[in-house]
Amino acid sequence: MEERREAERRRGEEMRPPPPEWLLQHGLHRTNVDAVHTGECWAAAKSRRRRPVTRQQAIEALRQQVPACVHRRPDTTLGILD
Ligand SMILES: [Zn+2]
């Protein structure tokens, strides 16, 4: 029984944490994306012009030259600089 519990614990550790939430901050027009933020970014939290996006959408925005937020560096987090 102990062994089984140990195996379950180990399996739990192998599970990846939930993906972070990403935010796009946009300008007056929704088509103008100003910055890519991580979900916990305080700068994005202060902005009312933001919407949650998936990791893939965040990467896509960065590829389209949308500047990454300077506070949390989502571009580094997403690992697309290399
Ligand atoms: Zn930010």
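In what follows, the structure referred to is the one given above.
Residues numbered from 1 in each chain as written. Predicted model: local features only at pLDDT ≥ 70, side-chain atom pairs only at ≥ 80, totals over all residues. Heavy atoms only, no water.

(A) Representation of the overall build of the protein. Helix and strand counts for the protein come out as four helices and three strands. Reading the secondary structure of the protein in the N-to-C direction produces α-β-β-α-β-α-α. Buried residues in the protein amount to 30% of all 82 residues. Restricting to contacts in the protein with at least 6 residues of sequence separation, those with at least 24 account for 50%. (Helix = DSSP H or I, 4+ residues; strand = E, 2+ residues; numbered from the N terminus. Buried < 20%, exposed > 50% of the residue type's maximum accessible area, 1.4 Å probe, protein only. Contact = heavy atoms within 4.5 Å.)

(B) A look at the nonpolar core. Within the largest apolar cluster, 11 residues are counted, these being Trp 22, Leu 24, Val 36, Val 53, Ala 58, Ile 59, Ala 61, Leu 62, Val 66, Ala 68 and Leu 78. Looking at this core, the elements that each hand over two or more residues are strand E1 (22-26) and helix H3 (55-63). Ranked by the residues each element gives to this core, the list is headed by H3, at four residues. Residues contacting Ala 61, with those up to four places away along its chain left out, are Leu 24, Val 36 and Val 66. Leu 23, Ala 43, Ala 44 and Cys 69 belong to the second largest nonpolar core, which has five residues in total. (Core = buried A, V, L, I, M, F, W, Y, C linked by side-chain atoms within 4.5 Å.)

(C) Highlighting the side chain of Ser 47. Locating Ser 47 in the fold gives a position in the loop between helix H2 (42-46) and strand E3 (50-53). Here Ser 47 falls in the buried class, since its relative accessible area comes to 12%. Among the polar contacts listed, one links the side chain of Ser 47 to the backbone nitrogen of Arg 49, at a separation of 3.1 Å. (Polar contact = N/O pair within 3.5 Å; in protein donor to acceptor, adjacent residues only side chain to side chain.)

(D) Here's a closer look at the coordination of the zinc ion. Looking at the zinc ion, one finds its protein donor set to be His 37 (ND1), Cys 41 (SG) and Cys 69 (SG), positioned 1.8 to 2.1 Å from the metal centre. Read in sequence order, the donor residues for the zinc ion give the motif H-x3-C-x27-C. Here the two residues His 37 and Cys 41 agree in accessibility, since each one is buried. (Donors = N, O, S within 2.8 Å, 3.2 Å for Na, K, Ca; no water.)

(E) Highlighting the sheet that holds E3. Across the sheet, which stays open at both edges, the three strands sit in the order E2-E1-E3 with antiparallel pairing between neighbours. Each end of this open sheet is capped by a strand with a single partner; those strands are strand E2 (33-38) and E3. This sheet shows a mean twist of 25° between the axes of neighbouring strands, independent of strand direction. Sheet topology note: the E1/E3 ladder contains four bridges and is antiparallel. Paired with Leu 23 across the strands is Pro 52, a residue of E3. (Pairing = 2+ DSSP bridges. Axes fitted to C-alpha atoms, helices over the stretch in contact; angles between N-to-C directions.)

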